[in-house]
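Per-entry structural report
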Amino acid sequence: MNIAVIGSGGREHSICFKLKQSKQTNKIFCIPGNAGTSAIAENINIDVLNFKSISEFLRNNNIKIVFVGPEVPLVKGIKDYLEKKGFFVFGPSKAASRLEKSKSFTKQLCKKYKIPTAQYKSFNSMKGVNEYIKKMNTPIVIKADGLASGKGVSICISKTEALKKCKEINLGKFKSSKKFVIEEFLSGEEASYFILSDGKNYKFFGTAQDHKRIGEGDTGPNTGGMGAYSPSSIITKKVEEKIKQQIIEPTLKGLKKLGCPFVGVLYAGLIIKNNQPKLIEYNIRLGDPECQVLMMRLKTDLLKIILACKKKQINKIVINWSNKKAMTIVASSKGYPNKQSKISEIKSTQKILLNNNQYLFHASTFKKNNRIFSSGGRVLNATALSKNLKSARDTCVKMLKKINWKDKYFRKDIGWRAINS
Ligand code: AMP
Ligand code: GLY
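Residues numbered from 1 in each chain as written. Chains lettered and ligands numbered in written order. Predicted model: local features only at pLDDT ≥ 70, side-chain atom pairs only at ≥ 80, totals over all residues. Heavy atoms only, no water.

Around ligand 1 there are 16 residues in total, and E183, L186, E190, I280 and E281 lie nearest to it. Taking E190, its side chain carries an N or O atom lying 2.4 Å from an oxygen atom of ligand 1. The separation between an oxygen atom of ligand 1 and a polar side-chain atom of E281 is 2.6 Å. Protein contact buries 92% of the 470 Å² of open area that ligand 1 shows by itself. Taken together, the elements giving at least two residues each to the shell around ligand 1 come down to strand 7 (140–144), strand 8 (153–156), strand 9 (180–184) and strand 16 (276–283). (Near = heavy atom within 4 Å. Polar contact = N/O pair within 3.5 Å; in protein donor to acceptor, adjacent residues only side chain to side chain. Areas by Shrake-Rupley, 256 points an atom, 1.4 Å probe, with all protein chains shown as cover. Helix = DSSP H or I, 4+ residues; strand = E, 2+ residues; numbered from the N terminus.)

In the vicinity of ligand 2, the contacting residues are D210, K212, G224, Y267, N283, R285, G287, D288, P289 and E290. For ligand 2, an oxygen atom lies 2.9 Å from a polar atom in the side chain of R285. At a separation of 2.9 Å, a nitrogen atom of ligand 2 approaches a polar backbone atom of D288. For ligand 2, whose unbound accessible area comes to 200 Å², protein coverage reaches 89%. When the residues that make up the shell around ligand 2 are grouped by side-chain class, the tally is two nonpolar, three polar and five charged. (Nonpolar A, V, L, I, M, F, W, Y, C, P; charged D, E, K, R; others polar.)

Below, the discussion takes up the sheet that holds strand 6 (residues 120–123). If you walk across this open sheet you meet the four strands as 6-9-7-8, and the pairing is antiparallel. Only two strands of the sheet have a single neighbouring strand rather than two, namely strand 6 and strand 8. Taken pair by pair, the neighbouring strands of this sheet meet at an average axis angle of 20°, ignoring direction. Strands in contact with helix 8 (residues 159–170) are strand 7, strand 8 and strand 9; relative to strand 7, the strand with the most contacts, it is inclined by about 5°. (Pairing = 2+ DSSP bridges. Axes fitted to C-alpha atoms, helices over the stretch in contact; angles between N-to-C directions. Contact = heavy atoms within 4.5 Å.)

Okay, structure coming up:
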């Protein structure tokens, strides 16, 4: 069977890596892919938002199954478009994607179904903002309502800063929306909980913890994620029951009632304190870099899972996970997330041994004349599976140290909370 994977990050490289292990997989096409995916799939240079060209390509290459990695094509309706043409898209519809597209949509759903989350208020303009902020405790969380590639959230220490952030969004800092949400700050530890749903039933699809800040010790500005590990050490059985009953199940029920059942992977970003999970946000896709560690631990054939989803029979399959621990460390280009990075050559990647216990996933890389280049941002993900997190981390660090790339930056403390406890 031929499959198309949409996207070009480390997440999509790890999806290709996993799909490649399936006996049912014939050929994998990655649209548009990166230097890493080109080694295991065929890269196809089509814009992920050019649904018409994607559809023609799928038809001409006998591809029936499409795995969508990033949120933007989903939010713009790639599933609705391609499914009308007869393809199966593993991912949610445009209507169900509102869970990630709009913070106020999700907050309304939380209110209706009493899903535990931070207190909040949505605003369209600056009217009433000052009064609302005055009543709050600090820190205060300000969020742009629409998609902002992980840059739409500010944790403000003072009320003055909070007011400034609201003004910036309202003046059009983010193209996606001028609306914003003012939210109570939740303290606790963050974890990611994944499920997959076929629209009828759902199954647990792993846990992970991400490190969003650029600096060691979780300091500095937020990024898309600088490293992750799986499983999460704070999601105990007791906490998991609460996540399912208080958060996941009412959400899936609510979407069904709205006429847009969820198909694909739902990622709940949570803050956990005193064994009580609270929802910070939903993503309608696998996380990046969380996906890389999940794919390392997943033992069940990924294509089989996708096909079960297509038939609305995920309740009939068992999804198995390795008991080992997985970690991924992101190497970004120096200066990320602030400075625009330049193109630079990455050498010695061939020195790294690749197998099912250690793998170098590529994100922002491309090949030219058989040489590999970084195009900036988050660039490589050294990923390892091991008996414990410390040895997984040692492997990842060793892998990255072997790489000869002048712009290389990575954190050496991923998993510090779990490793030190
Ligand atoms: P989001 O884009 O909603 O995931 O937010 C990005 C990051 O901001 C999260 O991963 C958290 O670290 C932080 N964050 C968001 N909302 C809150 C909140 N209400 N309280 C504390 N931290 C938050
Ligand atoms: N690593 C966070 C995300 O994918 O949203």
